[in-house]
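Working through the structure, step by step
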Amino acid sequence: MKITMVMLMTVDGKTTRGENKNIYTWTSSEDQKHFFSLIKKNNLIVMGRKTFEASRPVIRLEKGKLRIVLTHHPKKYSKESVTGQLEFSNENPEKLIKRMEGLGYKKILLVGGATINGLFLKENLVDELYLTIEPKIFGSGKNIIEGQLLDKFLQLINVKKLNKKGTLLLRYKII
Ligand SMILES: NC(=O)c1ccc[n+]([C@@H]2O[C@H](COP(=O)([O-])OP(=O)(O)OC[C@H]3O[C@@H](n4cnc5c(N)ncnc54)[C@H](OP(=O)(O)O)[C@@H]3O)[C@@H](O)[C@H]2O)c1
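Just so it is clear, the structure is predicted and the values come from calculations on it, not from any experiment.

Observations regarding the sheet that holds strand β5 (residues 107-110)
- Taken together, the eight strands give an open sheet; going across it, the order is β4-β3-β2-β5-β1-β6-β8-β7, and neighbouring strands pair in mixed fashion. Two strands in the sheet have a free side with no partner beyond their single neighbour: β4 (86-89) and β7 (154-161). Taking each pair of neighbouring strands and ignoring which way they run, the sheet shows an average axis angle of 20°.
- Of the pairings in the sheet, the one linking strand β2 (residues 44-48) to strand β3 (residues 66-70) comprises five bridges and is parallel in character. Across the sheet, the residue bridging to Leu44 is Leu66, located in β3.
- Docked against the sheet, helix α1 (residues 29-41) engages β1 (2-10), β2, β3, β5, β6 (128-134) and β8 (168-174), running at close to 160° with respect to β6.
- Sitting on the sheet, helix α3 (residues 93-102) touches β1, β2, β3, β4 and β5, and the angle it makes with β3 is about 160°.

Here it is in structure tokens:
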């Protein structure tokens, strides 16, 4: 299974502005275009429950695209689940990947947040990272990865300047 992590941060490494969960108030339209093109190209998207809650307004369920939300309490969300489109699971990453491989999936787009990213990275399950850097500083907020002590090496594959103000899109291979 090829796993691609996609995250967006400020120059000071913040993925949210303080406690504000809505990232669409500060992301550039160019990054949004990049993110939604990845969503379009992937039919298996995995996220943490908090990211799901934060993204609810922009999530559009569709046939042929499965979103899996990791939570310790999947039963709590059973009414919201839509077969083949929105699932809630408490499987660990390895178990989830095995099950998805069994169903024929070949790639996962991992869209955060920090806690879930940490779970996958800790088990060496992530192959590449798309990281957008917006030219902003928030001082306080979430990080890309939280809750794990890691020592990962990455190889920069590509850098693209997305707009005039200098939003950067970096693509890394995770070794
Ligand atoms: N800038 C960006 O690119 C970006 C991307 C994504 C998210 N975000 C922001 O990041 C914030 C969310 O990040 P976060 O780190 O707080 O949360 P998160 O990683 O999205 O979700 C954490 C939740 O995942 C569930 N979880 C954790 N470990 C688990 C395990 N072992 N098994 C099953 N479920 C598990 C738990 O849900 P339960 O509590 O339900 O058990 C936990 O509360 C949001 O504000 C969002 O807007 C930013």
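Digging into the nonpolar core
- The biggest cluster of nonpolar side chains holds 26 residues, and the ones touching the most others in it are Ile3, Val46, Ile68, Leu110, Phe120, Val126 and Leu131.
- Mapped by element, the contributors of at least two residues to this core are β1, β2, β3, α3, β5, α4 (114-122), β6 and β8.
- Broken down by element, the residue count for this core peaks at four residues, all from β1.
- Those residues in contact with Ile3 that lie beyond four places of it in its chain are Ile97, Ile108, Leu110, Phe120, Leu125, Val126, Asp127 and Glu128.
- Ranked by size, the runner-up nonpolar core spans 17 residues in total, among them Phe35, Ile45, Phe88 and Val111.

Digging into the pattern of salt bridges
- Evaluated as defined, the whole model comprises nine salt bridges.
- Linking Lys142 and Glu146 is a salt bridge whose minimum nitrogen-to-oxygen distance equals 3.8 Å.
- Take Lys142: its relative accessible area is 36%, and that puts it in the partly exposed class.
- Salt bridges sharing partners connect three or more residues here, namely Arg49, Glu53, Arg56 and Glu80.

Each value, and the rule that gives it
Residues numbered from 1 in each chain as written. Predicted model: local features only at pLDDT ≥ 70, side-chain atom pairs only at ≥ 80, totals over all residues. Heavy atoms only, no water. Pairing = 2+ DSSP bridges. Helix = DSSP H or I, 4+ residues; strand = E, 2+ residues; numbered from the N terminus. Axes fitted to C-alpha atoms, helices over the stretch in contact; angles between N-to-C directions. Contact = heavy atoms within 4.5 Å. Core = buried A, V, L, I, M, F, W, Y, C linked by side-chain atoms within 4.5 Å. Buried < 20%, exposed > 50% of the residue type's maximum accessible area, 1.4 Å probe, protein only. Salt bridge = Lys/Arg side-chain N within 4 Å of Asp/Glu carboxyl O.

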